[in-house]
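# Geometric and topological summary
So the chains spell out like this:
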Amino acid sequence: MVCTCASVRCASSSLLPPRGGSPFADPPGEFLFFLYHPFRRHFCFCAGSEGSRRIWRAALRDAIRYRSTELQRRDSLEAEAFLEAVRFYRQERGRYGAGDLLLGLEPEILGNVLMEDLLPVLRSQVLPSIRGSERRRRQLWLQFLQEVYALILGEISSEFEGFQKEKEKLRIELEKKIRPDLDQMLTLKDQIASKLQGWANGGKRWEKRQKICRLKKKPTH
């Protein structure tokens, strides 16, 4: 599965990735690149050459972009309303420029937004209690975030699935209530359209008769 809300960065033995440097004391190769996710385990890839690294980076970026924008490409009122509701929720809290937070499917987006709410609390209450070297503390912190995110994503996915089933049930019930009235309205529309067409045709015939009468009454010399 391709991760959403992720980014691809390059690194080599002489060019280390930003924000913390290389995770390896002895890099496994020269042409490295990393798949970063803010709340999931990071991945390291080793290519055989600079050209191969460029190809793999481009392929991963395209795959992530395609997978992450599925909701935006859905072209439905439901998807548009969902994204707008998330934007409004964040704007009410003074947050703008969602960036990668609105990438992914509905449960992933909700999980990203909830993690955004939780991060300040987790940093203030959990991070100070993690002991060890800087590298060890970073590893434990990322592992903790991954476990929290997995728990949140699992709960949200389950709740969202139940919501989708309930929504479909309500839609079917609403259609059953509306369908008789809708059929009646469509029948009435057809009747009115038929009458209007009949009046229009009758008017045309009347105009034709008047024209014929005028021609017959026209004096001849």
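The structure under discussion appears in the preceding block.
Our subject in this report is the structure included herewith.

## Considerations on the pattern of salt bridges
Applying the stated rule across the entire model yields 12 salt bridges. A salt bridge links E116 to R95; the nearest nitrogen and oxygen atoms lie 3.4 Å apart. One end of the pair, E116, is in helix α3 (residues 106-125); the other, R95, is in the loop between α2 (77-92) and α3, and 21 residues separate them in sequence. D117 is the partner of R95 in a salt bridge, and the nearest nitrogen-oxygen pair spans 2.3 Å. Of this pair, R95 sits in the loop between α2 and α3 while D117 sits in helix α3, placing them 22 residues apart in sequence. On the accessibility criterion, R95 (22% relative accessible area) is partly exposed. Within this structure, R90, R95, E116 and D117 form a network of salt bridges that share partners.

## Details of the pairing of strand β2 (residues 31-36)
A large share of β2 lies buried, amounting to 6 of its 6 residues. As paired elements, β2 and strand β3 (residues 43-47) share 5 bridges and run antiparallel to each other. Bridge pairing links F33 to F45 in β3. From the end of β2 to the start of β3, which pair antiparallel, there are 6 residues.

## Some remarks on the environment of L127
With respect to the helices and strands, L127 occurs in the loop between α3 and α4 (134-217). Through-space distance from the C-alpha of L127 to that of W141 is 6.9 Å; in sequence the pair is 14 residues apart. Leaving out residues up to four positions away in the same chain, L127 has contacts with L122, R137 and W141.

## Quick word on helix α1 (residues 50-68)
Taking 1.5 Å per residue as the helical rise, α1 with its 19 residues ought to reach 27 Å, and the 27 Å between its terminal C-alpha atoms agrees with that figure. Within the sequence span of α1, burial applies to R53, R57, L60, I64, R67 and S68. One side of α1 carries all its buried residues, which in axial view fall inside an arc of 105 degrees. Exposed side chains of α1 directed beyond 90 degrees from the buried face belong to R54, I55 and Y66.

The rules behind these values
- Residues numbered from 1 in each chain as written.
- Predicted model: local features only at pLDDT ≥ 70, side-chain atom pairs only at ≥ 80, totals over all residues.
- Heavy atoms only, no water.
- Salt bridge = Lys/Arg side-chain N within 4 Å of Asp/Glu carboxyl O.
- Helix = DSSP H or I, 4+ residues; strand = E, 2+ residues; numbered from the N terminus.
- Buried < 20%, exposed > 50% of the residue type's maximum accessible area, 1.4 Å probe, protein only.
- Pairing = 2+ DSSP bridges.
- Contact = heavy atoms within 4.5 Å.
- Expected span 1.5 Å × (residues − 1).
- Arc of directions from axis to C-beta.

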